[in-house]
2 protein chains.
Amino acid sequence: MEPDKVRAPNIRDVARLAGVSYQTVSRVLNNSESIKDTTKQRVLEVIAQVGYRPNQAARALVTSRTRTIGVLTSQTAHYGPTTSLHAIEEAAREAGYLISTTSLATSDHAAIVDRLEHLMRQAVEGLVVIAPQVRVFDAIRQLEISVPLVTLDSTRRDDHRSLSVDQIAGARMATRHLIDLGHREIVHLSGPQDWIEAEARMTGFLREVDDADLTTHPPILGDWTADFGHHVGRELLRYRDFTAVFAANDQMALGLIHAFRDAGLDVPGDVSVVGFDDIPEAAHYWPPLTTVRQDFAEIGRRSVGMLLAELRGEVESSHEQVRPELIVRKSTAPPRI
Amino acid sequence: MEPDKVRAPNIRDVARLAGVSYQTVSRVLNNSESIKDTTKQRVLEVIAQVGYRPNQAARALVTSRTRTIGVLTSQTAHYGPTTSLHAIEEAAREAGYLISTTSLATSDHAAIVDRLEHLMRQAVEGLVVIAPQVRVFDAIRQLEISVPLVTLDSTRRDDHRSLSVDQIAGARMATRHLIDLGHREIVHLSGPQDWIEAEARMTGFLREVDDADLTTHPPILGDWTADFGHHVGRELLRYRDFTAVFAANDQMALGLIHAFRDAGLDVPGDVSVVGFDDIPEAAHYWPPLTTVRQDFAEIGRRSVGMLLAELRGEVESSHEQVRPELIVRKSTAPPRI
DNA sequence: ACGTGAAATGTGATCGTACACATCACACGT
DNA sequence: ACGTGTGATGTGTACGATCACATTTCACGT
C-alpha cells in the first residue's frame, strides 16, 4: 500500500521525460552554451515538474570539487566570531560556495586535530579559522593540511594567509587614550593565554605602556566573560593601586564596572574602564563604554574573498590588516587627583 | 619539477599496499566483524601511513546517506540562537552527524526558499530550524520537504516535531511578577512581528494581563536590539503612563534602561524593567536585570536527539516543552505610590 | 582422510553525475 | 553535387566507495 521510498529522480529520468539524452540535461544544468533554446526550456520544465535536484555527492565525486569551505570556530556565543561567521556564510553563498562549520569546545590538541580531520574528510577546498588559538597551527602543520587557509584575528605568520583587525594597534589606541587622560597606573585584564587575539591585545598594551615609560602589573588572564570580569574587579579592589583598567573585551569590562559600582566606586570618576570589540550593547551599558571597534562582518567577508582568490590561483598579498577604531564614550575620564 | 596535484589515495591504493582486496579495506573502515585481527591492523597501518581519508562523496553516493543535518538559522549574532547552534553542532558531531548551516539575512519568501533549496541540494537527512519565522513554514510546505524536521522556539504545529522553551509560560511568569509587585500599567516591547517566539511572548503577556483584568497599550514591535530599546524608551517617556516594561529580550531591556536613566528616572524606583533570555551579561547590567532564563544549549541538544530518534524511525512524542525560569534581580520593584 | 559449516576474503555491479570524444544535422561556399 | 565547418546532441567511461553475492580458507567432528 504505502509506496517504499521512491527514489529521487536522477538526471536520466529527466532526460527520458524530456526526450533528450542525459548529457543534454547535464549541459542545461551547467548552462553550457550550444543548447537550443527550445530544448533547454523543455528540460527546465521537466526539472521543475518532477522536482529534480542534482545530486551533489555524485557531482563532487566526478569533479572532485566540493565547493565547500570549512570554518573552524570556537564554541562561544560571542558577538565577534558569530558576526564574522555569518558574514563568511553569506559571502561564500554568494560565490556559490557552502560552509561547513565545526566548533572547538576545548582547546586541547586532540580536539583540534579531531575537528580538522572532520573538515578534511568533508574535502573542503579551503579553510577559515576564526579566533584561532595558538595550538591550531601546530595541528594544521601536523596534519599536513594542504588546502588554502585564512585565519582571522591572528598575528602575522608566514605560512598562510591571514586577515586581521590590527589588534595590537587597537590595544595601543585604547591604552594611549587612558595615558592621554592622565592615567599612570593602568591594569590590563587580558583574554585567555592561548588565544592569539588576547596575546596581541596584551602585546599592544605592554608596548604602549612601555613607550610611555610607565610600569604596570602583569596582565590578568581572563576568560572573556562578564562573570570573570566581575570576579577580577572584586579582587582588584583589595589593592586599589590603579586608576584605570583596560579589558580585552567588552563583556569583561562590564563585569569590572559592576564590581566597582558594587563597591561604591564611580566609573569613570574613580576608575576608568576601556573595553574592546564595541559589541552593540556597549553603547547602552552604564556608563556607555569606551571601547575599540572592529568590523567583524568586514573581516568575515574579506577572508572569504582572500580564500576564493587563492582557490582561483591568484596570489595576492598574503597578510591584510584592518584598522580598528577607538570609540570614546563615558566610561573614561581623567583620574581624580 | 613541481609534481601535479597528486591524487589522494583511494581505497584500492590502500588495499594494494596492504596486500588485501578493496572490500577488506572497506570492511575495516566500517568495522564489520569477521575480519582477522592481524589483517585489520595491517590495513589500519597502511591507512595511517598514506594518510588515507575515505571520500564522503563516494560513500554518500552509494549509500544515499549523507549523515548531514541541515540547520536554518537567522543571521543574527544573538546569544540564544548561537548557543543553541553550538550545542546542536556538538550533539550532532557526537552522533556521527555533521551540520550544514545556512542563515537567513532577510525574511522574504524568496530568500527562505533559496536557503531551503540549498540545504536540500546537500541532501541533508534532517532539518533543524532555529528561531523560525512564520514564513519558513510556508516555504517548507511549498517545497514539499520530506525530511524530518524539528523547530526550536516555536509554538505547537501539527505537521512536524518541535521543541521549545515554553515562551508563553515564560512571558506569563515575567508579567505575573510585575503584577504581583503591584504594577497595573505595564507596557510590552515585543520582538519583530514575524518571529514566532516574539509572537509567543506577546501572547503570554496579553493573557496574563487579561487574566488580571488589566488594560494595556498595544505592544510595541521591536527588532531585538538595544538601540531600538533605547529609542523606544525615549518615545515612551513622552507619555509616562506606565510603571513597568516587559521587554521581549534582554538587549532591548538594556536599551530601555539606558533611556530611562538618561531621562533622570531610577530603575527600578521609577520604572521596573523585565527582560527575557538571561544572557550572561544580564546579571552585570546596572541594575542587574530581572529576566526569564531559557536553557538554549539544552534545547539545542535535545532537538538533535529528537531528530536522530525520528531518523532511526522511533516515533516519540512530537512536541516537547522546556520550562523557563524567572530570575529576579534588581531591575524590578513595587511601583512608587 | 574427508565432508561441512563458519569465518575470512575477493569479484562484479551500482550509485548519479561530468568529461572526453563521437556523431548527427544543417547551412554555406565552391 | 560535395566537402567542410559549426552548432546541437548522444555514447562510453570514470570518479570512489558499498552492497550482494561468490569464493577461499580453515578448524573440527566423524
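Numbering of residues begins from 1 in every chain and follows the order in which that chain's sequence is written. Note on labels: chains are lettered from A, ligands numbered from 1, in written order. Per-residue local features are limited, in this predicted model, to residues with pLDDT of at least 70; the limit for side-chain atom pairs, both in listing and counting, is 80 or more; totals at the level of whole chains, interfaces and linings are taken over all residues. Side-chain numbers here rest on the full set of heavy atoms in the structure, without hydrogens or water.

## Some remarks on the overall build of chain A
Turning to step 1, where the next piece is worked out: Helical segments are the DSSP runs of H or I of at least four residues, strand segments are the runs of E of at least two, and each set is numbered from the N terminus. When helices and strands are tallied, chain A shows twelve helices and twelve strands.
Turning to step 2, where the next piece is worked out: Within these notes, the globule rule equals 2.2 Å times the number of residues to the 0.38 power, and the radius of gyration is based on C-alpha atoms. A globule of 337 residues ought to have a C-alpha radius of gyration of about 20 Å, yet chain A, at 26 Å, is considerably larger.
Turning to step 3, where the next piece is worked out: Expressed along its principal axes, the backbone C-alpha trace of chain A runs to roughly 90 × 45 × 35 Å.
Turning to step 4, where the next piece is worked out: Looking at chain A as a whole, 57% of its 337 residues qualify as buried.
Turning to step 5, where the next piece is worked out: Any two residues having at least one pair of non-hydrogen atoms within 4.5 Å are treated as being in contact. Within chain A, contacts between residues at least 6 apart in sequence are counted, and of these 71% link residues at least 24 apart.
Turning to step 6, where the next piece is worked out: For every accessible area listed, the method is Shrake-Rupley and the probe measures 1.4 Å; residues are considered covered only by the protein chains on display. When the accessible surface of chain A is totalled, it reaches about 15,000 Å², and 49% of it is carbon and sulfur.
Turning to step 7, where the next piece is worked out: Taken together, the 37 basic and 46 acidic charged side chains of chain A have centroids lying 7 Å from each other. Accessibility here uses a 1.4 Å probe with only protein chains present; expressed as a share of the type maximum, an area under 20% marks a residue as buried, one over 50% as exposed, and anything in between as partly exposed. Residues scored as charged are limited to Lys and Arg (positive) and Asp and Glu (negative), so that His and the chain ends carry no count. Taken as the charge centre is NZ of Lys, CZ of Arg, CG of Asp or CD of Glu, depending on the residue.

## A look at the sheet that holds strand β4 (residues 149-152) of chain A
Residue and element names in this part refer to chain A.
Turning to step 1, where the next piece is worked out: Read across the sheet, six strands follow the order β2-β1-β3-β4-β5-β11 without closing on themselves; strand pairing throughout is parallel. Both outer strands of the open sheet, β2 (98-104) and β11 (319-322), are each paired with one neighbouring strand and no more. Strand-to-strand twist of the sheet, defined as the mean angle between neighbouring strand axes without regard to direction, takes the value 15°.
Turning to step 2, where the next piece is worked out: We treat two strands as partners when DSSP finds at least two bridges between them. Of the strand pairs in this sheet, strand β1 (residues 68-74) and β2 are connected by seven bridges, and their pairing is parallel. Pairing of T73 across the sheet is with S103, part of β2. Lines fitted to C-alpha atoms define the axes, with helix axes restricted to the stretch in contact, and inter-axis angles between N-to-C directions lie between 0 and 180 degrees.

## So, the domain arrangement of chain A
Often, the extent of an interface is quoted as the loss of accessible area upon association of its parts.
Turning to step 1, where the next piece is worked out: Split into domains, chain A comes out as domain 1 (11-54), domain 2 (68-165 + 296-322) and domain 3 (167-294).
Turning to step 2, where the next piece is worked out: Placing a centre on the C-alpha atoms of domain 1 of chain A and another on those of domain 3 of chain A gives a separation of 62 Å. Start and end points for every domain follow an automatic or database-based domain assignment.

## So, the nonpolar core
Turning to step 1, where the next piece is worked out: To define a nonpolar core, start from buried Ala, Val, Leu, Ile, Met, Phe, Trp, Tyr and Cys residues and group those joined through side-chain atoms within 4.5 Å. Ranked by internal contacts, the top residues of the largest apolar core, which has 73 residues, are V245(A), F260(A), L256(B), F260(B) and V273(B).
Turning to step 2, where the next piece is worked out: For V245(A), the contacting residues outside a window of four places in its chain are L178(A), V187(A), L189(A), L236(A), L256(A), F260(A), V271(A), S272(A), V273(A) and V274(A).
Turning to step 3, where the next piece is worked out: With 20 residues, the next largest nonpolar core counts I88(A), Y97(A), V128(A) and L307(A) among its residues.

## Considering the protein's contact with DNA strand C
Turning to step 1, where the next piece is worked out: The immediate surroundings of DNA strand C are formed by 30 residues, with I11(A), Y52(A), R59(A), S21(B) and R27(B) found nearest.
Turning to step 2, where the next piece is worked out: Only heavy atoms are used to decide nearness, and a residue is near a molecule or strand if one of them lies within 4 Å of it. In the interface set of DNA strand C, defined as its atoms within 4 Å of the protein, sugar plus phosphate atoms amount to 54%.
Turning to step 3, where the next piece is worked out: When contributions to the surface near DNA strand C are tallied by element, the ones reaching two or more residues are α1 (11-18), α2 (22-29) and α4 (56-63) of chain A together with α2 (22-29) and α4 (56-63) of chain B.
Turning to step 4, where the next piece is worked out: With five residues, α4(A) is the single largest residue contributor to the surface near DNA strand C.
Turning to step 5, where the next piece is worked out: Amino acid classes used here: Ala, Val, Leu, Ile, Met, Phe, Trp, Tyr, Cys and Pro are nonpolar; Asp, Glu, Lys and Arg are charged; the rest, including Gly, are polar. Split into classes, the residues belonging to the surface near DNA strand C amount to twelve nonpolar, eleven polar and seven charged.

## Things to note about helix α9 (residues 196-211) of chain B
Residues and elements named next belong to chain B.
Turning to step 1, where the next piece is worked out: Spanning 16 residues, α9 covers 22 Å between terminal C-alpha atoms, matching the ideal 22 Å at 1.5 Å per step.
Turning to step 2, where the next piece is worked out: Considered for burial, the residues of α9 that qualify are I196, E197, A198, A200, R201, M202, G204, F205, E208 and V209.
Turning to step 3, where the next piece is worked out: On its buried face, α9 is in contact with α7 (134-142), α8 (167-181), β6 (186-190), β7 (220-221) and β8 (244-247).
Turning to step 4, where the next piece is worked out: A positive phi of about 60° marks D213, the residue just after α9. By definition here, a helix of n residues has an expected span of 1.5 Å times n minus one.

## Here's the deal with α4(B)
Turning to step 1, where the next piece is worked out: In the analysis that follows, any N or O atom pair within 3.5 Å is treated as a polar contact, provided that within protein one partner can donate a hydrogen and the other can accept it, and provided that, for residues neighboring in sequence, both atoms belong to side chains. Where α4(B) begins, the side chain of N55(B) points an oxygen toward the backbone nitrogen of A57(B), at a separation of 2.7 Å.
Turning to step 2, where the next piece is worked out: Of the residues flanking the end of α4(B), it is S64(B), one or two places downstream, whose phi is positive at about 50°.

## Here's the deal with the packing of α1(A) against helix α3 (residues 37-50) of chain A
All names here are of chain A.
Turning to step 1, where the next piece is worked out: Axis separation between α1 and α3 bottoms out at 9 Å; the angle between their running directions is 120°. When the axis of α1 is compared with that of α3, the two are oblique. Both α1 and α3 take part in a crossing whose hand is right-handed. Within the contact between the two elements, α1 uses V14, L17 and A18 and α3 uses R42, V43, V46, I47 and V50. Here is the rule for angles: anything less than 35 degrees is roughly parallel, anything more than 145 is roughly antiparallel, 65 through 115 is roughly perpendicular, and the remaining ranges are oblique. Should the near helix be turned counterclockwise from the far one by less than a right angle, the crossing is left-handed, whereas a clockwise turn marks it as right-handed.

## Quick look at the relation of the copies chain A and chain B
Turning to step 1, where the next piece is worked out: Taken as rigid bodies, chain A and chain B are interconverted by a rotation of 180° and an axial shift of 0.0 Å, the fit giving an RMSD of 0.1 Å. Taken together, the rotation angle and the small translation identify this as a two-fold axis. Closest approach to the rotation axis among the C-alpha atoms of chain A is made by A57(A), whose C-alpha sits 2.3 Å away.
Turning to step 2, where the next piece is worked out: Take the interface residues of chain A: 100% of them recur as interface residues in chain B, which is what a same-surface contact looks like. Overlaid copies result from least-squares superposition on C-alpha atoms, with residues included only where pLDDT is at least 70 in both.

## What about the pattern of salt bridges?
All names here are of chain B.
Turning to step 1, where the next piece is worked out: Salt bridge criterion: a side-chain nitrogen from Lys or Arg within 4 Å of a carboxyl oxygen from Asp or Glu. Tallied over the entire structure, the rule returns 42 salt bridges over all chains.
Turning to step 2, where the next piece is worked out: A salt bridge links R16 to D13; the nearest nitrogen and oxygen atoms lie 2.8 Å apart. With R16 and D13 both in helix α1 (residues 11-18) and three residues apart, the pair spans about one turn of that helix.
Turning to step 3, where the next piece is worked out: A salt bridge links R172 to D211; the nearest nitrogen and oxygen atoms lie 2.4 Å apart. Highlighted residues: R172 in helix α8 and D211 in helix α9, separated in sequence by 39 residues.
Turning to step 4, where the next piece is worked out: Taking relative accessible area as the criterion, R172 reaches 23% and is therefore assigned partly exposed.
Turning to step 5, where the next piece is worked out: For D211, a relative accessible area of 53% corresponds to the exposed category.

## Here we look at the packing of aromatic side chains
The way to describe two aromatic rings as a pair is by their centre distance and the angle between their planes.
All names here are of chain A.
Turning to step 1, where the next piece is worked out: Aromatic rings from Phe, Tyr and Trp, with only the six-membered ring used for Trp, were paired whenever their centres fell within 6.5 Å, and each pair was classed as stacked if the ring planes differed by under 30 degrees, edge-to-face if by over 60, and tilted otherwise. Overall, the coordinates contain eleven aromatic pairs over all chains when judged by the stated rule.
Turning to step 2, where the next piece is worked out: Ring centres 6.3 Å apart and planes at 40° place the aromatic pair F246 and F276 in the tilted group. Placement of F246 in strand β8 (residues 244-247) and of F276 in the loop between β9 (272-274) and β10 (291-293) is noted, with a sequence separation of 30 residues between them. As far as the burial class goes, F246 and F276 line up, both buried.
Turning to step 3, where the next piece is worked out: Clustering of aromatic rings is evident, with ring pairs tying together F205, F246 and F276.
Turning to step 4, where the next piece is worked out: R12 extends its terminal NZ or CZ atom over the ring of Y22, reaching a point 4.0 Å from the ring centre. The rule is short: NZ of Lys or CZ of Arg within 6 Å of the ring centre and within 35 degrees of the ring normal puts a charge over the ring.

## Regarding the layout of surface pockets
Turning to step 1, where the next piece is worked out: Buried and open spaces are told apart on a 1 Å grid over the protein atoms alone, a cavity being a set of points where a 1.4 Å probe fits but cannot get out and a pocket being an open set with protein on both sides within 12 Å along at least five of seven lines. Residues with an atom within 4 Å of a point are the lining residues. Grid points are joined across faces, edges and corners, and a volume is the space filled by probe spheres set on the points. If you add up the space inside the second largest pocket, you get close to 700 Å³.
Turning to step 2, where the next piece is worked out: Taken together, 35 residues form the lining of the second largest pocket, with A77(A), Y79(A), A77(B), H78(B) and Y79(B) sitting closest to its centre.
Turning to step 3, where the next piece is worked out: Among the secondary structure elements, those contributing two or more residues to the lining of the second largest pocket are α5 (79-94) of chain A together with α5 (79-94) and α10 (226-236) of chain B.
Turning to step 4, where the next piece is worked out: Tallied by class, the residues present in the lining of the second largest pocket amount to 18 nonpolar, 14 polar and three charged.

## Things to note about the interface of chain A and chain B
Turning to step 1, where the next piece is worked out: Chain A puts 50 residues into the contact, and the matching count from chain B is 50 residues.
Turning to step 2, where the next piece is worked out: Across the interface of chain A and chain B, roughly 4,200 Å² is buried in total on both sides, 56% from carbon and sulfur atoms.
Turning to step 3, where the next piece is worked out: The interface formed by chain A and chain B holds four salt bridges in total.
Turning to step 4, where the next piece is worked out: For the salt bridge of E89(A) with R115(B), the shortest nitrogen-to-oxygen distance reads 3.9 Å. Here the quantity called buried area is the accessible surface, traced with a 1.4 Å probe, that two parts lose on coming together, added over both.

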